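A structural walkthrough
In case you want the letters, here they are:
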Amino acid sequence: MSFIPTGIDQHKSGPTSPATIRAASAKLVRAGFIPLVDAAVLIAASELGFATREGIQIDLVKDVSWANIRDRLAFRQFDIAHMLAPMPVASALGLGSNPSPTIAPFMLGRGGNAITLSVELYRRMQEKAGLAGHEDALTNAKALKLVIEEMRAKGEALPVLGMTYPFSSHNYELRYWLSAGGIHPEEDVKLVVVPPPMTSDALSAGAIDGFCVGAPWNMVAVAREVGRIVAVKADIWPSSPEKVIGVRPEWAEQNPQTLSRLIVALDRAAAWCDIPDNRRDLAQILAEPRYLDVPIDILHRVLAGQFTTDPNGTERTVPDYFTFHRQGANFPWISQAQWIFSQMVRWGQVPYSAEAYRQVASAFRPDLYRNALGCRSDIPMEDVRIEGNAEDDVFIDGTTFDPEDIRGYVARSRIRNIGSEATNQSDV
Amino acid sequence: MNAALSIMIFDENRIRAAIIEEGLREAGHTHVVVLHDIVGLARQIEIIGPDVIVIDIETPNRDMLEHLFQLTRSVRKPIAMFVDRSDTLSIEAAVEAGVSAYVVDGLRKERVKPILDMAVSRFKAFSRLQQELADAKSALEERKIIDRAKGILMKSRKLTEDEAYALLRQTAMNEKKKLADIAQSVVMAAAILGS
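Quantities reported herein were computed from a predicted structural model and do not represent experimental measurements.

Observations concerning the pairing of strand β11 (residues 243–247) of chain A
All names here are of chain A. Across the five residues of β11, five count as buried, placing the element largely inside the fold. Here β11 shows a buried face lined by Lys243, Ile245 and Val247 and a second buried face lined by Val244 and Gly246. Taken together, the three bridges between strand β4 (residues 103–107) and β11 define a ladder with antiparallel strand orientation. Residue pairing for β11: Ile103 is matched across the bridge by Val247.

Description of the packing of helix α6 (residues 109–157) of chain B against helix α7 (residues 161–175) of chain B
Residue and element names in this part refer to chain B. Orientation of α6 relative to α7, taken along the N-to-C sense of each, is 115°, at an axis distance of 9 Å. Between α6 and α7, the angle falls in the class roughly perpendicular. When the axes of α6 and α7 are compared, the crossing they make is right-handed. Residues Ile146, Ala149, Lys150, Leu153 and Met154 of α6 pack against Glu161, Ala164, Tyr165, Leu167 and Leu168 of α7. Taken together, the residues of the contact of α6 with α7 break down into eight nonpolar, no polar and two charged.

Some thoughts on the sheet that holds strand β6 (residues 114–118) of chain A
Each strand in a sheet pairs with its neighbour through backbone hydrogen bonds, running either in the same direction (parallel) or in the opposite one (antiparallel). Residue and element names in this part refer to chain A. Pairing in this open sheet of five strands is mixed, and the strands run β8-β7-β9-β6-β10 from one edge to the other. Strands at the two margins of the open sheet, each flanked by one partner only, are β8 (190–193) and β10 (227–232). Between one strand axis and the next, the sheet turns by 25° as a mean value, whatever way the strands run. When β6 meets β10, the two strands line up antiparallel, connected through five bridges. Its bridge partner being in β10, Ser118 is matched across the sheet by Gly227. Strands β6, β9 (210–213) and β10 of the sheet are contacted by helix α6 (residues 119–129), whose axis makes an angle of about 85° with β6.

Some remarks on the domain arrangement of chain A
How big an interface is tends to be reported as the loss of accessible area on association of its parts. All names here are of chain A. With domains assigned, chain A is organised as domain 1 (8–110 + 242–292 + 324–385) and domain 2 (114–239 + 308–323). Computed from C-alpha atoms alone, the centre-to-centre distance between domain 1 and domain 2 is 28 Å. With 23 residues of domain 1 at the interface, the matching set in domain 2 holds 15 residues. Within the residue set of the side of domain 1 that touches domain 2, elements represented by two or more residues are α5 (86–92) and α16 (334–346). If one sorts the elements of the side of domain 1 that touches domain 2 by residue count, α5 sits on top with three residues.

Structural notes on the sheet that holds strand β3 (residues 80–84) of chain A
Residue and element names in this part refer to chain A. Taken in spatial order, the five strands of this open sheet run β2-β1-β3-β11-β4, and their pairing is mixed. Of all strands in the sheet, those with a lone pairing partner are β2 (56–62) and β4, marking the two edges. Taking each pair of neighbouring strands and ignoring which way they run, the sheet shows an average axis angle of 35°. Where strand β1 (residues 27–33) lies against β3, two bridges are found, and the strand directions are parallel. Its bridge partner lying in β3, Gly32 is registered against Ala81.

Section: helix α8 (residues 169–180) of chain A
Residues and elements named next belong to chain A. A rise of 1.5 Å per residue sets the reference length of α8, with its 12 residues, at 16 Å; its end C-alpha atoms lie 16 Å apart and thus fit the reference within 8%. Most of α8 sits out of view: 12 of its 12 residues are buried. Regarding α8, the residues found buried are Ser169, His170, Asn171, Tyr172, Glu173, Leu174, Arg175, Tyr176, Trp177, Leu178, Ser179 and Ala180. Gly182 sits one or two residues past α8 and shows a positive phi near 90°.

What about the confidence of the model for chain A?
All names here are of chain A. On average, chain A scores 90 in pLDDT, and the residues at 70 or more come to 92%. In this model, residues 1–23 is a region of pLDDT below 50 whose contacts with residues beyond four sequence positions or in other chains number 33 contacts. Taken as a whole, residues 420–428 scores under 50 in pLDDT and shows 18 contacts with residues more than four places along the chain or in a different chain.

What counts, and where the lines are drawn
Residues numbered from 1 in each chain as written. Chains lettered and ligands numbered in written order. Predicted model: local features only at pLDDT ≥ 70, side-chain atom pairs only at ≥ 80, totals over all residues. Buried ≥ 20, exposed ≤ 12 C-beta atoms within 10 Å, placed from the backbone. Helix = DSSP H or I, 4+ residues; strand = E, 2+ residues; numbered from the N terminus. Pairing = 2+ DSSP bridges. Axes fitted to C-alpha atoms, helices over the stretch in contact; angles between N-to-C directions. Parallel < 35°, antiparallel > 145°, perpendicular 65-115°, else oblique. Left-handed = near helix turned anticlockwise from the far one by under 90°. Contact = placed C-beta atoms within 7 Å. Nonpolar A, V, L, I, M, F, W, Y, C, P; charged D, E, K, R; others polar. Domains from an automatic or database assignment. Expected span 1.5 Å × (residues − 1). pLDDT = per-residue confidence, 0-100.

Written as structure tokens, this is what we have:
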């Protein structure tokens, strides 16, 4: 790799948005994205000249579903794509329809998700468990369990909860939160897929009783006075992998220079997005109709982690609700791909096997990330770590994840899909 | 000969869905069901048990289908996208045209390919139709605006209709612009000047 990273000194003193320099022969990179706040780094790289400075022109294409993103990447309509972190893992395992090899050399940051329940359901939780409104995510989950027990006893329909995709952080986080509260996600509630922009409509129409989705849709539901936020991603697991840049391995092999320069551009853009003073500008860009098409004020508050958690105006500030760059937020830890795998096993999406374990390890590519950015104090030396082991990075149930012992980890989960390991659904 | 295959079309665009349905019936498929609404889709799939589902790529509800197919228990028959993934060319053509297809695993490629090809050509025909419609509409708009510009020139410069038209055309040629654009400018100028 002959590419030498540039601008590291500048990065230390806080990067600024570079002037747009039009390279004579900018390499065109077609990128698919879904209108969500966590596409910010990709959008900023394109809008603010970080890509142009690396000789890349990003052609951003907005899409409507993760299935489309997957297919259009597979069939070369996109070179790269904004993807859910579990998608390359699912592809590596041949899960889902039309799985096609996909690698993730760059994470698009941390945070962004939250769980919202209907105002009605939350009111029942308050009555049943005496919630005052400032309880933590685990207490809320336990309160929901009490309400579900009551619903069962009275023969009422159990809650229907929405998430965004079978292979999504939302699916696994929602299940993790429910389980931590003693609720079985397949027996005590019904999980359905609802496209993010439709979540607050579905909640207000009573089609669902809650959902786990990315920003800004939780805040939108609260602003419309139909929802109550009961947990944010950081409550469940701060490091939980969210979105990635997905790339076809063959494109990465054919365009190593472009990929490296792209990673540099994304790294600079991510650092820019992290600076609090830039939030207003970022919100303004994201608010544009061709991107998120959501009011600037909501976006600005989301970026600042300023939540109104319920329609009564209860405020909660979540520092680092979005972390775009700091704390190694862009580093694709192989142990995080393995954690995703552990959840797939836990919920019966795939049986554990040594071969599957190997396939999963190839989905995230920290080597490509390091290759592009070189040695830097904030880039880890290792690819795997025990997850949930740092003081500021704990799982909601206090467990830790050792990638060497996935089977033991799953077996120790009190709530899981028992017997799922025997059925093979790998071709679905 | 393919009459026994059960095909489900899910498209919120009723006109396009009708065009595809018609094509399939012409090709001798009698078991064709068309759905426009996501509500109850899961139950419909369960009841009908289609061999092939043709779905518009522009609906965000594709993600819901992915979830549905993940839960084989509710659909029973495993469904995969496209019968033979090695046939990338025809899948590429489908994605390009804006259609995707879900096919029950185990169906032979020869049985599915004509359906997919038909759906692709119908999708393309539909977008052509839409384009023609848009073109026709704008042609009509252009004629209207040219007529108005002619009227303005005839009145303000005391020209005959032919002379007014010749003047517009000459100006368009000199300015290397479309006749309709010049006419638009004339109409706008007249409006500003209040004539």
